[in-house]
Amino acid sequence: PEGGEEGGEDTVVKATGDSFTIESYATANGWENSVCYPTIEHEFYTVTVSATPVGEYSQNSGKYYTSGQNWRMYQTDSGAFSITAKDGYTIASVKFTFTVANTGALKCGDSLLTSGREFMVNANTVAFTIGNTSTKTNGQVKITAIEVTYKAACDHSGDEKLCDTICDACGMTIVATAEHT
């Protein structure tokens, strides 16, 4: 049979999504109002905030607020965050539900993200920054929900006896490296 061993079942690695609201995560983890929480841990990935406090002010990016039940990121302290897959996994895509203040923008490189719209990643880690859609420098992004779609990472190793095949995890064509019958 194509894609599997003789008489065996085909193995297909499917992407799996995990969606949660900031309110539910905060409640489950005992978050308190106006406190900075720079990390969200998940079984298959980690979300980590980085920021540079300005002057005598403390870091604001990563603070949780019960008013609006959101996790806020600020342009003024160079707010940024990354999502990194745990060993053996890849981030396929992400989707955020958020609002902005002061014409803030959620960015990945040069891409502006839209609330509620899936953003394709297909990497082990992805970094986001807080920018602005105008000349202002005090943009805010208020995240209320996060959805991460992840899948098993591929290493493109396998049974050398198989003919050329397609990796179930990433779709890459794998060329057999050994002669076989």
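See above for the structure.
Position numbers for residues start from 1 in each chain and track the written sequence from start to end. Only residues with pLDDT of at least 70 are given local features in this predicted model, and only at 80 or more are side-chain atom pairs given and counted; all residues enter the totals for whole chains, interfaces and linings. Heavy atoms from the whole structure form the basis of all side-chain values; hydrogens and water molecules are not counted.

**Observations regarding the nonpolar core**
Okay, so step 1: To define a nonpolar core, start from buried Ala, Val, Leu, Ile, Met, Phe, Trp, Tyr and Cys residues and group those joined through side-chain atoms within 4.5 Å. Only protein chains enter the calculation, and the probe is 1.4 Å; a residue is then buried if its accessible area is under 20% of its type maximum, exposed if over 50%, and partly exposed in between. Counting residues in hydrophobic clusters, the biggest one holds 34 residues, and the most contacted among them are W71, I83, F96 and F128.
Okay, so step 2: With five residues, strand β13 (residues 140–152) is the single largest residue contributor to this core. The numbering of helices and of strands both runs from the N terminus, where a helix is a DSSP run of H or I of at least 4 residues and a strand a run of E of at least 2.

**Quick word on the pattern of salt bridges**
Okay, so step 1: The salt bridge criterion pairs a side-chain nitrogen of Lys or Arg with a carboxyl oxygen of Asp or Glu, the two atoms within 4 Å. Counted under the stated rule, the structure contains two salt bridges.
Okay, so step 2: A salt bridge links K86 to E41, with the shortest nitrogen-to-oxygen separation between them at 3.1 Å. Taken together, the residues K86 in the loop between β7 (80–85) and β8 (89–101) and E41 in strand β3 (residues 39–41) connect sequence positions 45 residues apart.
Okay, so step 3: Measuring nitrogen to oxygen at the nearest pair gives 3.9 Å for the salt bridge that ties K95 to E147. One end of the pair, K95, is in strand β8; the other, E147, is in strand β13, with 52 residues separating them in the sequence.
Okay, so step 4: Classification of K95 by relative accessible area gives partly exposed; the value is 28%.

**Points about the sheet that holds β7**
Okay, so step 1: Taken in spatial order, the six strands line up as β3-β4-β7-β12-β9-β10 in an open sheet, and their pairing is antiparallel. In this open sheet, the two strands that pair with only one neighbour each are β3 and β10 (111–112).
Okay, so step 2: DSSP calls a pair of strands paired once it identifies at least 2 bridges connecting them. Pairing of strand β9 (residues 104–108) with β10 involves two bridges; the strand directions are antiparallel. Bridging from a neighbouring strand, K107 pairs with L112 of β10.

**A word on the packing of aromatic side chains**
Okay, so step 1: A pair of Phe, Tyr and Trp rings is counted when the ring centres sit within 6.5 Å of each other, with Trp represented by its six-membered ring. The angle between the planes then sorts it: under 30 degrees is stacked, over 60 is edge-to-face, the rest tilted. Counting across every chain of the model gives 14 aromatic pairs.
Okay, so step 2: Ring geometry for Y25 against W31: centres 5.4 Å apart, planes inclined by 75°, an arrangement best described as edge-to-face. With respect to burial, Y25 and W31 carry one shared label: buried.
Okay, so step 3: Taking 4.6 Å as the distance between ring centres and 25° as the angle between the ring planes, the aromatic pair formed by F44 and Y150 counts as stacked. Of this pair, F44 sits in the loop between β3 and β4 (45–50) while Y150 sits in strand β13, and the two are 106 residues apart along the sequence. In terms of burial, F44 and Y150 fall into one category: buried.

**Section: unusual backbone geometry**
Okay, so step 1: Of note, S34 is a non-glycine position whose phi angle comes to about 65°, a positive value.
Okay, so step 2: Relative to the helices and strands, S34 is located in the loop between α1 (22–28) and β2 (35–36).
Okay, so step 3: Given a relative accessible area of 34%, S34 falls into the partly exposed group.
Okay, so step 4: Of note in this structure, S78 is not a glycine but carries a positive phi near 55°.

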